[in-house]
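What the coordinates show
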Amino acid sequence: MTHGMTHGKSDGMNGGTNGGKSIDDVLAELRALRETDLPTHGGRTLAYVYDSGLAEVGELGERAHALASSANGLDPTAFPSLLRMENDLVATAARLLGGDERTVGSVTSGGTESCMLAVLAAREGAKQRTSTPNIVLPSTAHAAFRKAAHLFGLRAVHVAVDEKTFRADPAAMAAAIDDDTVLVVASAPSYAHGVVDPIPDIAAEAARRGVRMHVDACIGGWVLPYLRRLGDEVPPFDLAVEGVTSISVDLHKYAYCPKGASVLLHADARLRGGHYFASADWPGYTMLNTTLQSTRSGGPLAAAWAVVRYLGDDGYLRLARDTRTATERIRTGVDGVEGLRVLGSPDATLLAVTSEDGADFDLFTVADEMALRGWYVQPQFGHGSSPVNLHLTITAANHGDEDGFLTDLADAVAAARAAGPVVVAEEMRTLIGAIDADTLTAEQFEGLLQAAGLDVAGGLPDRMAQVNALLQAAPARLRERVLLEFLGLLYRPHRG
Ligand SMILES: *Cc1c(COP(=O)(O)O)cnc(C)c1O
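Report follows, based on the coordinates. All figures in this text were calculated on a predicted structure; none of them were measured in a lab. (Residues numbered from 1 in each chain as written. Predicted model: local features only at pLDDT ≥ 70, side-chain atom pairs only at ≥ 80, totals over all residues. Heavy atoms only, no water.)

If you tally the helices and strands in the protein, you get 16 helices and 13 strands. Computed over the C-alpha atoms, the radius of gyration of the protein is 24 Å, within 12% of the 23 Å expected from 2.2 N^0.38 for a compact globule of 496 residues. Over its C-alpha atoms, taken along the principal directions, the protein stretches across nearly 70 × 65 × 50 Å. The 496 residues of the protein split such that 48% are buried. (Helix = DSSP H or I, 4+ residues; strand = E, 2+ residues; numbered from the N terminus. Rg over C-alpha atoms; globule rule 2.2 N^0.38 Å. Buried < 20%, exposed > 50% of the residue type's maximum accessible area, 1.4 Å probe, protein only.)

An order of E10-E11-E13-E12 is seen for the four strands of this open sheet, with the pairing classed as antiparallel. Two strands in the sheet have a free side with no partner beyond their single neighbour: strand E10 (340–342) and strand E12 (378–380). Neighbour to neighbour, the strand axes of the sheet diverge by 35 degrees on average, direction disregarded. In the sheet, E12 pairs with strand E13 (residues 389–393) via three bridges, with the strands oriented antiparallel. The residue bridging Pro379 from the neighbouring strand is Leu390, located in E13. Sitting on the sheet, helix H11 (residues 363–372) is in contact with E10, strand E11 (350–355), E12 and E13, with an inclination near 40 degrees to E13. (Pairing = 2+ DSSP bridges. Axes fitted to C-alpha atoms, helices over the stretch in contact; angles between N-to-C directions. Contact = heavy atoms within 4.5 Å.)

The topology assignment puts Thr103 in the loop between helix H3 (80–96) and strand E1 (104–108). Only 2.7 Å separates the side chain of Thr103 from the backbone nitrogen of Asp100, close enough to count as a polar contact. (Polar contact = N/O pair within 3.5 Å; in protein donor to acceptor, adjacent residues only side chain to side chain.)

With that settled, consider the site of the ligand. Every residue near the ligand is listed here: Gly110, Gly111, Thr112, His142, Pro189, Tyr191, Asp216, Cys218, Ile219, Asp250, His252 and Lys253. A distance of 2.6 Å separates an oxygen atom of the ligand from a polar side-chain atom of Thr112. Lys253 is positioned with one of its side-chain polar atoms (N or O) 3.0 Å from an oxygen atom of the ligand. When isolated, the ligand has an accessible area of 370 Å², and the protein chains bury 84% of it. Class assignment of the residues belonging to the shell around the ligand gives a composition of four nonpolar, five polar and three charged. (Near = heavy atom within 4 Å. Areas by Shrake-Rupley, 256 points an atom, 1.4 Å probe, with all protein chains shown as cover. Nonpolar A, V, L, I, M, F, W, Y, C, P; charged D, E, K, R; others polar.)

The contact between H11 and helix H15 (residues 465–473) brings their axes to 8 Å, and the two run at 150 degrees. In this structure, H11 meets H15 at a crossing whose hand is right-handed. Where H11 approaches H15, its residues Phe364, Thr365 and Asp368 are matched on the opposing element by Ala465, Asn468, Ala469 and Gln472. Looking at side-chain class alone, the contact of H11 with H15 contains three nonpolar, three polar and one charged residues. (Left-handed = near helix turned anticlockwise from the far one by under 90°.)

Quick look at the state of the cysteines now. Counted under the stated rule, the structure contains zero disulfides. Sulfur of Cys115: no disulfide; nearest cysteine sulfur belongs to Cys218 and is 3.9 Å away. No disulfide involves Cys257; its sulfur sits 14 Å from that of Cys218, the nearest cysteine. Looking at Cys257, the relative accessible area reads 7%, which means it is buried. (Disulfide = S-S within 2.5 Å.)

A separate point is the pairing of strand E7 (residues 262–266). Judged by how many residues are buried, E7 sits mostly within the fold: five of five residues are covered. Every second residue of E7 is oriented toward a common face, with Ser262, Leu264 and His266 on one face and Val263 and Leu265 on the other, all of them buried. Here E1 runs beside E7; their pairing, made up of five bridges, is antiparallel. Bridge assignment links Val104 to a residue of E7, and that residue is His266. Bridge count for strand E6 (residues 246–250) against E7 is five bridges, and the pairing is antiparallel. Pairing of Val249 across the sheet is with Val263, part of E7.

The next thing to look at is the pattern of salt bridges. Evaluated as defined, the whole model comprises 20 salt bridges. The shortest N-O distance in the salt bridge between Arg417 and Asp360 comes to 2.8 Å. One end of the pair, Arg417, is in helix H12 (residues 402–419); the other, Asp360, is in the loop between E11 and H11, and 57 residues separate them in sequence. By relative accessible area, which is 47% here, Asp360 ends up partly exposed. Close ionic contact of Arg463 with Glu369 constitutes a salt bridge, the shortest N to O distance being 2.5 Å. On the criterion of sequence distance, the pair formed by Arg463 in the loop between helix H14 (442–452) and H15 and Glu369 in helix H11 is long-range, its members being 94 residues apart. In this structure Arg463 comes out as partly exposed when scored by relative accessible area, which is 41%. By sharing partners, the salt bridges in this structure join Glu205, Arg208 and Arg209 into a single network. (Salt bridge = Lys/Arg side-chain N within 4 Å of Asp/Glu carboxyl O.)

Attention shifts here to the sheet that holds E1. Taken in spatial order, the seven strands of this open sheet run E1-E7-E6-E5-E4-E2-E3, and their pairing is mixed. If you trace the sheet from one side to the other, it starts and ends with E1 and strand E3 (155–159), each paired once. When the angles between neighbouring strand axes are averaged without regard to direction, this sheet yields 20 degrees. Direction of pairing for strand E5 (residues 212–216) relative to E6: parallel, over a ladder of three bridges. Residue pairing across strands places Asp216 opposite Ser248, the latter belonging to E6. Lying on the sheet, helix H5 (residues 144–152) is in contact with strand E2 (134–138), E3, strand E4 (181–187) and E5; it crosses E2 at an angle near 170 degrees.

As a further point, take the environment of Gly61. Tracing the chain through its elements places Gly61 in helix H2 (residues 55–68). For Gly61, a relative accessible area of 0% puts it in the buried group. In this structure, the C-alpha to C-alpha distance between Gly61 and Arg477, residues 416 residues apart in sequence, is 39 Å. When neighbours within four sequence positions are excluded, Gly61 is seen to be in contact with Pro258, Ala303 and Val307.

This part covers the packing of aromatic side chains. Going through the model one piece at a time under the given rule, you end up with eight aromatic pairs. Relative to Tyr285, the ring of Trp282 lies with its centre 5.3 Å away and its plane at 75 degrees, an arrangement referred to as edge-to-face. Judged by relative accessible area, which is 40%, Trp282 ranks as partly exposed. Positioned over the ring face of Trp375 is Arg44, at 4.1 Å from the centre of the ring. (Phe/Tyr/Trp six-rings, centres within 6.5 Å; stacked < 30°, edge-to-face > 60°. Lys NZ or Arg CZ within 6 Å of the ring centre and 35° of its normal.)

Next up, the structure:
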């Protein structure tokens, strides 16, 4: 734990202090805090974290992170090691994702930043400048694109997806493109349903209209190519597809790297220019940025570089094989649990588990029961034709314990059945229906939060099913406002 702290002159390392607490005490405190978190290893947390199941991968990432965390990517001439590592990672990603000798890219802090930069570059590089630029995206596109549109002043044009397959509809996407469209987006795969959009059809239309096309392979980009090598029929999705101008892939997902690293690839350097930024018009150094960050820790970059080198192509192929086996077993097992089914026909390693029509149990309660059994599964609210479901991100660490998961899942469903339905009182529904999300006062928020059981002072309830049922009853806009208010209450430095 103490590697990297070798240059101090104080006696802090020997158990003394340097004015504050001793190093041992501080680290003990930190470990105790971390015990309250969901586990990041072991495969029991089926969202947010990605575990290769190989202990040394985690350790290598941590050590490489420590070796470069004080280096600053702000100036690649001052820290050429970071420049080299970034070029190496971009080259590896380009090889994996159908790039050629013209492909360039950037390492960013995560998928959201990669998606945002794709939008920014498209806005800046649009052939004809418009004062009302828009991006055309399937309704299943990651929320990061809404954030990009919000921050960069573009309109997000959401196009309905196929009601049954949840795949983007190329004809509807084509119809939504207009003279103000600067970017068309599709996913490989989508987060919510794990399906790959029909990218060649969408890209062809974008190209025909002279509009850029971004493929969001943030979650799938480091696993789909390996699934293909294993014989799966993975639809074409990468830079090799005619008309695709950029693609994003997160290193901190299926490349099993520590958090804080993603790659955005552009088909050529001209396409990338729009997200570079320079400012010489101030008395300080000439600021040159390739991403949204200016000071950029070398830690996540070095950690990703090390893990990618260590695992190599063969390592990722093996991990993809394990993940694929685990996904197949869990998928089959879920369909064997009475009342459960997998939503749609997932193409990758993500599953959305929903209940059969007329099922006599509540899915949010199943999530609570899984939590009691030591598993985190992520509730997804109903949206359009997509019913309430539980999201599972399957990783290599799930291989070997598929039966453990499925046994607990069946038990959780049985317990949810015994617990009975979760009812939202009629007066609560009426109250929610009468609220205008945009004119809510702080007091009304407070009342709603309390009614929803989100009483921050008392901590989160052990069971979230009632809260989730209420949130599901609220329109999306109201859910956003209520949860942001809740977040604002969580982030108070002086809360008892
Ligand atoms: C995770 C994800 C993102 C956003 O990535 P962050 O690293 O969470 O910022 C974007 N798109 C898809 C499909 C994702 O799964």
